[in-house]
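So you can see what is in the structure, the chains are spelled out below.
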Amino acid sequence: MIPGSLQLAARDIKLSHSIFALPFALLGAFLARDPAEPWTTSAIKLALIVSCMVAARTWAMLVNRLADATLDAANPRTARRAVASGALPRRSALAFALLSAAAFVALTLVFGFAFANWWPAILSVPVLAWLAFYSFAKRFTALCHLLLGSALAISPIAAALAINPHALASTPAIFWLAAMVTVWVAGFDIIYALQDVEYDQSVALFSIPSRLGVPAALWLSRLLHVAAAVFLALAWRADPRFATIFLAAVILVAALLIAEHLILARRGRAGLHMAFFTVNGIVSCVVGGLGVIDVLW
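Every value quoted in this text rests on a predicted model; they were computed, and no experiment measured them.

Draft legend 1. Fine view of the pattern of salt bridges. Tallying each qualifying case throughout the model produces 6 salt bridges. Between glutamate 37 and lysine 45 there is a salt bridge, with the nearest N and O atoms lying 2.7 Å from each other. Exposure remark for glutamate 37: the relative accessible area of 16% places this residue in the buried category. When the shortest N-O distance is used, the salt bridge between aspartate 72 and arginine 81 registers 3.2 Å. For aspartate 72, a relative accessible area of 6% puts it in the buried group. Taking relative accessible area as the criterion, arginine 81 reaches 15% and is therefore assigned buried. Among the charged side chains, a salt-bridge network with shared partners connects Asp68, Lys138 and Arg139.

Okay, structure coming up:
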């Protein structure tokens, strides 16, 4: 029974969507890493960071599914989700969510006991609270897209704090990366919300498309993605370790974001899957992968 419920929960929360934040966390970690630190120590810290991200995202997504269970059940697009359909009992989903939160806090404590860095543990509960808050935001503000962006933008800052808290003050590129993630995610979350415009309007939920209409929402998404490209360029300028390789990432990301909006302009909602998941998954991998290569180079 438990393995089956775990499988349902994992499928429902789409673990593959971790690709949006994980590369930025790894890049933040490598930017903050002390070159004098043994690689074995860094590898342990990186493994803990990845585990923390999986636990935190599982918590956030299960809270989202629980909070939206009634709404999802009435929405034809989401009615088959495990919690909404009743395939995964709410009690089981809540238990898995709480276990994920407990695992996250326990993992952050390892940084304190093993590496004398208590900041991850001190901030663990506030981080969990902020991740959960997004799930309720669309009930009262159309800024929910930016709140989601800020939830993912925590990843490079939190990873850097876990690796080396002293590095944050001298590594402004991490904050430019966080700003980039905030507006980039908000922009593509507006695109994602295009699927539910009519339903959101019918139940008085707040989203940019349901409040401003589709054309205005698309223009706002484009502006947010222009800002994302600018913030990424500022991250490149802010750290001398970023050179030609990361500049190539900046240019490629700008091209990918343009392609994303061209797909939407030409194919409309039929192009949502490619524009939302495929293109943005490539964006995160390009930034994280080429950024790490440039830092190590």
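Draft legend 2. Highlighting the packing of helix H3 (residues 39-67) against helix H6 (residues 90-115). The contact between H3 and H6 brings their axes to 8 Å, and the two run at 155 degrees. As summarised for this structure, H3 and H6 are arranged roughly antiparallel, according to the angle between their axes. Considering how the two elements wind past one another, H3 and H6 form a crossing that is left-handed. Taken together, the residues that form the contact of H3 with H6 break down as 21 nonpolar, 5 polar and 2 charged.

Calculation notes
- Residues numbered from 1 in each chain as written.
- Predicted model: local features only at pLDDT ≥ 70, side-chain atom pairs only at ≥ 80, totals over all residues.
- Heavy atoms only, no water.
- Salt bridge = Lys/Arg side-chain N within 4 Å of Asp/Glu carboxyl O.
- Buried < 20%, exposed > 50% of the residue type's maximum accessible area, 1.4 Å probe, protein only.
- Axes fitted to C-alpha atoms, helices over the stretch in contact; angles between N-to-C directions.
- Helix = DSSP H or I, 4+ residues; strand = E, 2+ residues; numbered from the N terminus.
- Parallel < 35°, antiparallel > 145°, perpendicular 65-115°, else oblique.
- Left-handed = near helix turned anticlockwise from the far one by under 90°.
- Nonpolar A, V, L, I, M, F, W, Y, C, P; charged D, E, K, R; others polar.

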